[in-house]
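Residues per chain, in single letters:
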Amino acid sequence: MKKNKSVFEAGECILLQERQEAWKSILAAASKFSDRYQIDQKVIPGRLGMQLQLCCHDMLFTKYMLKDLAEFFLLFDDMSITTKTEENYDYILSLNYYTHEVYVDGKQVRLWE
């Protein structure tokens, strides 16, 4: 049986240079954030952009930290949360930043707004 490709696998990806350049400042902000709150991080390149994983153990988020988190999260296009990780973290926040536009059959597929 033939496996159907996802829209992202089948589509044409076009690099957005300004978003790729902006990733450098986002990564610098991520390093500061990670250092400030002693949170491990991983950067995972993907076909459509970059993913920053914040690898966390149970922690209390104070009002001050929540404000920082909210501002930090707004730098990214979307986020998911994974629990019960193989790396023995309590949860991982995966923050995606898209550096490419995707076109399928000549029509743009919106990844973020």
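This text gives an overview of the structure that appears in the document. (Residues numbered from 1 in each chain as written. Predicted model: local features only at pLDDT ≥ 70, side-chain atom pairs only at ≥ 80, totals over all residues. Heavy atoms only, no water.)

### Overview of helix H2 (residues 17-37)
Here is step 1 of the chain: Compared with an ideal rise of 1.5 Å per residue, which puts 21 residues at 30 Å, H2 spans 31 Å between its outermost C-alpha atoms and is within 8% of the ideal.
Here is step 2 of the chain: Where H2 is buried, its residues meet strand E2 (40-45), strand E3 (49-56), helix H3 (63-73) and strand E5 (91-98).
Here is step 3 of the chain: In the segment just after H2, Gln-38 is the residue with positive phi, at about 55°. (Helix = DSSP H or I, 4+ residues; strand = E, 2+ residues; numbered from the N terminus. Expected span 1.5 Å × (residues − 1). Contact = heavy atoms within 4.5 Å.)

### Considerations on unusual backbone geometry
Here is step 1 of the chain: One non-glycine residue with positive phi stands out, namely Asn-88, at about 65°.
Here is step 2 of the chain: You can see Asn-88 is positioned in the loop between strand E4 (78-83) and E5.
Here is step 3 of the chain: In this structure, Asp-105 takes a positive phi of about 50° despite not being glycine.
Here is step 4 of the chain: Structurally, Asp-105 is set in the loop between strand E6 (100-104) and strand E7 (107-109).
Here is step 5 of the chain: Assessed through its relative accessible area of 76%, Asp-105 is described here as exposed. (Buried < 20%, exposed > 50% of the residue type's maximum accessible area, 1.4 Å probe, protein only.)

### Section: the packing of H2 against H3
Here is step 1 of the chain: Closest axis-to-axis distance for the H2/H3 pair is 12 Å, and the angle between their directions is 160°. It follows that H2 is roughly antiparallel to H3 by the angle criterion. Of the two possible hands of crossing, H2 and H3 adopt the one that is left-handed. Residue-level inspection shows Ala-29, Ala-30, Phe-33, Arg-36 and Tyr-37 of H2 in contact with H3, the latter providing Tyr-64, Met-65, Asp-68, Leu-69 and Phe-72.
Here is step 2 of the chain: Classifying every residue of the contact of H2 with H3 gives 8 nonpolar, no polar and 2 charged. (Axes fitted to C-alpha atoms, helices over the stretch in contact; angles between N-to-C directions. Parallel < 35°, antiparallel > 145°, perpendicular 65-115°, else oblique. Left-handed = near helix turned anticlockwise from the far one by under 90°. Nonpolar A, V, L, I, M, F, W, Y, C, P; charged D, E, K, R; others polar.)

### A look at the side chain of Thr-99
Here is step 1 of the chain: With respect to the secondary-structure elements, Thr-99 resides in the loop between E5 and E6.
Here is step 2 of the chain: Within the structure, Thr-99 has its side chain in polar contact with the side chain of His-100 (distance 2.9 Å).
Here is step 3 of the chain: Each residue touching Thr-99, except ones within four places of it in the same chain, is listed here: Ile-14, Leu-15, Leu-16, Arg-19, Gln-20, Leu-48 and Gly-49. (Polar contact = N/O pair within 3.5 Å; in protein donor to acceptor, adjacent residues only side chain to side chain.)

### Quick word on the sheet that holds E7
Pairing between sheet strands relies on hydrogen bonds along the backbone, with the strands arranged either parallel or antiparallel.
Here is step 1 of the chain: Sheet architecture is open: 3 strands sit in the order E1-E6-E7, paired in antiparallel fashion. Among the strands making up the open sheet, the edge pair consists of strand E1 (12-15) and E7. Each strand of the sheet is rotated relative to its neighbour by a mean of 40°, with strand direction disregarded.
Here is step 2 of the chain: Pairing geometry for E6 and E7, over 3 bridges, is antiparallel. Bridge assignment links Val-102 to a residue of E7, and that residue is Val-109. (Pairing = 2+ DSSP bridges.)

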